[in-house]
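Given next are the chains, with one letter for each unit.
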Amino acid sequence: MYARERLIATIFIWFAVGSIGTMFVINAFMMSEAAVITIGVMTLVIALAALLATRFVWNGTLGMTPQMMQQQAAEKGKRSSDTRVSRMLAGLTEDELDDLRERLMAQDDGEMTSLEALMMEQNRRSRR
């Protein structure tokens, strides 16, 4: 699920909870004390269900074992890393690609430096 769909689902969930809560509050003025307590408990249960639904929408981990979550995170990390590098390389001009090739071949022994090493070096520089 993409971020926009997640946001829409979250807004829908909490709009429904807010509407139900508002109806309970409005109707509470016309009810007995026991009914108000019952409505309060129902509101808390609905809010808890909304919290769980929101967690599921954003994390998608409801009912997953820690091992399954770890495997899913590893697969996602591989996809996003490959995609990120591919997008970055696709966006480079010919001059920038030539510069990158030169930097990769810049080591004394003539072997190429890994792209990961260059990216880590660049991250370290940008953090300073």
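A brief look at the structure comes next. If you're wondering where the values come from, they're calculated on a predicted model, not measured in any experiment.

Attention shifts here to the overall build of the chain. For the chain, the count of helices and strands is 5 helices and 0 strands. In the chain, the succession of α and β elements from N to C terminus is α-α-α-α-α. Across the 128 residues that make up the chain, the buried fraction comes to 12%. Taking as baseline every contact in the chain between residues at least 6 positions apart, the subset at least 24 positions apart corresponds to 45%. Accessible area of the chain: about 10500 Å², with a carbon and sulfur share of 63%.

A separate point is the packing of helix α1 (residues 3-28) against helix α2 (residues 33-59). Each packed pair of helices is defined by two parameters, the angle between the axes and the distance between the axes. Closest axis-to-axis distance for the α1/α2 pair is 10 Å, and the angle between their directions is 180°. Classified by the angle between their axes, α1 and α2 sit roughly antiparallel to one another. Seen from α1, the contacting residues are A3, R6, L7, A9, T10, I13, W14, V17, I20, F24 and A28; seen from α2, they are V36, I39, M42, T43, I46, A47, A50, L51, A53, T54, V57 and W58. The residue makeup of the contact of α1 with α2, split by class, is 19 nonpolar, 3 polar and 1 charged.

A few words on the packing of helix α4 (residues 94-104) against helix α5 (residues 115-127). The contact between α4 and α5 brings their axes to 10 Å, and the two run at 100°. In this view, α4 runs roughly perpendicular relative to α5, as classed from their interaxial angle. Residues L100, R103 and L104 of α4 touch α5, and the partners they reach there are L115, L118, E121 and R125. A class-by-class count of the residues in the contact of α4 with α5 yields 4 nonpolar, no polar and 3 charged.

Basis of the calculations
- Residues numbered from 1 in each chain as written.
- Predicted model: local features only at pLDDT ≥ 70, side-chain atom pairs only at ≥ 80, totals over all residues.
- Heavy atoms only, no water.
- Helix = DSSP H or I, 4+ residues; strand = E, 2+ residues; numbered from the N terminus.
- Buried < 20%, exposed > 50% of the residue type's maximum accessible area, 1.4 Å probe, protein only.
- Contact = heavy atoms within 4.5 Å.
- Areas by Shrake-Rupley, 256 points an atom, 1.4 Å probe, with all protein chains shown as cover.
- Axes fitted to C-alpha atoms, helices over the stretch in contact; angles between N-to-C directions.
- Parallel < 35°, antiparallel > 145°, perpendicular 65-115°, else oblique.
- Nonpolar A, V, L, I, M, F, W, Y, C, P; charged D, E, K, R; others polar.

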